[in-house]
Amino acid sequence: MRIVLLGAPGSGKGTQSQLLVKAYGIPQISTGDLLREAVSQGTELGRRAKAAMDSGKLVDDATVLGMIRERLSRPDAAKGFILDGFPRNIAQAEALQGMLADLGTPLDSVVLMNLDLGILFKRLTGRRICQECGKVFNIYTSPPADGKHQLIQRPDDKEEVIGKRLEVYEAQTKPLIQYYEAAGLLHSVEADADVETVFKSIERAALPRTVAGS
Ligand code: AP5
């Protein structure tokens with residue numbers, strides 16, 4: 001199964017990717033996570049990416065495509081993958097199509113996670129991450145049950161950066177909806193529901209075909 005989760009910042013791509021990993025045993029490939037890892041390790045790539053990420057802009061295509069090419073070539077991606085946060089613009093989508101054509105493994109499905117702007121904003125401002133275990137919480141919808149977690153906020157989840165990220169999504173990522181619709185790959189799901197309900201919608205909308213054909 002080779003799928004893309006497409007959606008605005010905060011629409012639940014990372015949360016749903018985790019459930020798909022557990023259910024189907026294929027890796028989540030999140031360009032955001034790979035970039036944050038590079039930033040926290042202080043690599044050259046991380047230093048280059050940090051300014052764009054902190055201001056809510058996209059990191060340059062060459063950097064992101066290099067990272068994706070390397071990640072897709074690892075053995076665990078041969079059995080399938082969930083792309084989370086990639087592609088982010090038409091140039092990245094075209095490059096991905098080329099890479100997968102070379103590997104002879106085209107995409108099975110693209111899932112668009114639909115969510116209203118107001119809810120996106122609340123999900124992003126409320127998100128907190130445990131810096132010890134990496135678990136994602138939300139102070140409004142899913143706070144930790146105990147005081148054992150050391151919660152931090154992503155620098156780009158500050159109100160002043162969220163506006164820019166949503167603007168970038170509208171201008172650069174939204175055109176992918178039409179791109180994948182034209183390719184016959186797009187499935188939309190309503191992401192304004194509890195986590196399990198959204199997961200079932202994804203399975204219903206996109207997975208029967210891909211699981212059967214994987
Ligand atoms: P990235 O990390 O990809 O961020 P994003 O796309 O903005 O998405 P988020 O991680 O913010 O949200 P999500 O949809 O995963 O939601 P989540 O499940 O966490 O990118 C960060 C930056 O890296 C970019 O701005 C850019 O600079 C750079 N970058 C990344 N990829 C790039 C690329 N391809 N090209 C160039 N630059 C790139 O959920 C959010 C919150 O809601 C959580 O608190 C969660 O608990 C809660 N929640 C989730 N689902 C539900 C639900 N059903 N009900 C209630 N609460 C829920």
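The structure this text deals with has already been given above.
The rules behind each value
Residues numbered from 1 in each chain as written. Predicted model: local features only at pLDDT ≥ 70, side-chain atom pairs only at ≥ 80, totals over all residues. Heavy atoms only, no water. Near = heavy atom within 4 Å. Polar contact = N/O pair within 3.5 Å; in protein donor to acceptor, adjacent residues only side chain to side chain. Helix = DSSP H or I, 4+ residues; strand = E, 2+ residues; numbered from the N terminus. Nonpolar A, V, L, I, M, F, W, Y, C, P; charged D, E, K, R; others polar. Buried < 20%, exposed > 50% of the residue type's maximum accessible area, 1.4 Å probe, protein only. Contact = heavy atoms within 4.5 Å. Arc of directions from axis to C-beta. Core = buried A, V, L, I, M, F, W, Y, C linked by side-chain atoms within 4.5 Å. Pairing = 2+ DSSP bridges.

Peer 1: What is the right way to look at the site of the ligand in this model?
Peer 2: T15, T31, K57, R127 and R165 are the nearest of the 35 residues found near the ligand. Measuring from an oxygen atom of the ligand, one finds a backbone N or O atom of G12 at 3.0 Å. A distance of 2.9 Å separates an oxygen atom of the ligand from a polar atom in the side chain of N138. Mapped by element, the contributors of at least two residues to the shell around the ligand are α1 (13-24), α2 (31-41), α6 (117-126) and β6 (136-138). Among the residues making up the shell around the ligand, the classes are represented as 13 nonpolar, twelve polar and ten charged.

Peer 1: What should I look at first to understand the side chain of R165 in this one?
Peer 2: Mapped onto the elements of the fold, R165 is located in helix α7 (residues 159-173). A relative accessible area of 10% places R165 in the buried class. Not counting residues within four places of it along the chain, the set of residues in contact with R165 comprises P9, G56, L124, R127, R154, D156 and D157.

Peer 1: I tried to follow α2 on my own but got confused; where do I start?
Peer 2: Along an α-helix, residues three or four apart share an orientation, since each turn contains 3.6 residues. Residues of α2 that are buried: T31, G32, L35 and A38. Angular distribution of buried residues about the axis of α2 spans 125°; they occupy a single face of the element. Residues S40 and Q41 are exposed on α2 and point more than 90 degrees away from its buried face. Buried residues in α2 make contact with β2 (28-30), α3 (44-54), α4 (61-72) and β3 (81-84). G42 sits one or two residues past α2 and shows a positive phi near 70°.

Peer 1: Can you walk me through the nonpolar core in this structure?
Peer 2: Here is a general trend for soluble globular proteins: nonpolar side chains tend to be buried in one another's company. Core analysis: the biggest nonpolar cluster contains 53 residues, and L96, L107 and Y180 have the highest contact counts within it. Those residues in contact with L96, other than ones at most four positions away along the chain, are V4, L72, L83, F86, P87, L107 and Y180.

Peer 1: Would you mind showing me how to read the pairing of strand β1 (residues 2-7) here?
Peer 2: The two faces of the sheet receive side chains in turn, since in a regular strand these alternate between them. Of all six residues making up β1, six are buried, and the element is well covered by its neighbours. Neither face of β1 is left uncovered, since the one carrying R2, V4 and L6 and the one carrying I3, L5 and G7 both have all their residues buried. Of the strand pairs in this sheet, β1 and β3 are connected by four bridges, and their pairing is parallel. By the bridge assignment, R2 is partnered in β3 with F81. Inspection of the sheet shows β1 paired to strand β4 (residues 109-114) by five bridges, in the parallel sense. Bridge pairing in β4 links L6 to L112.

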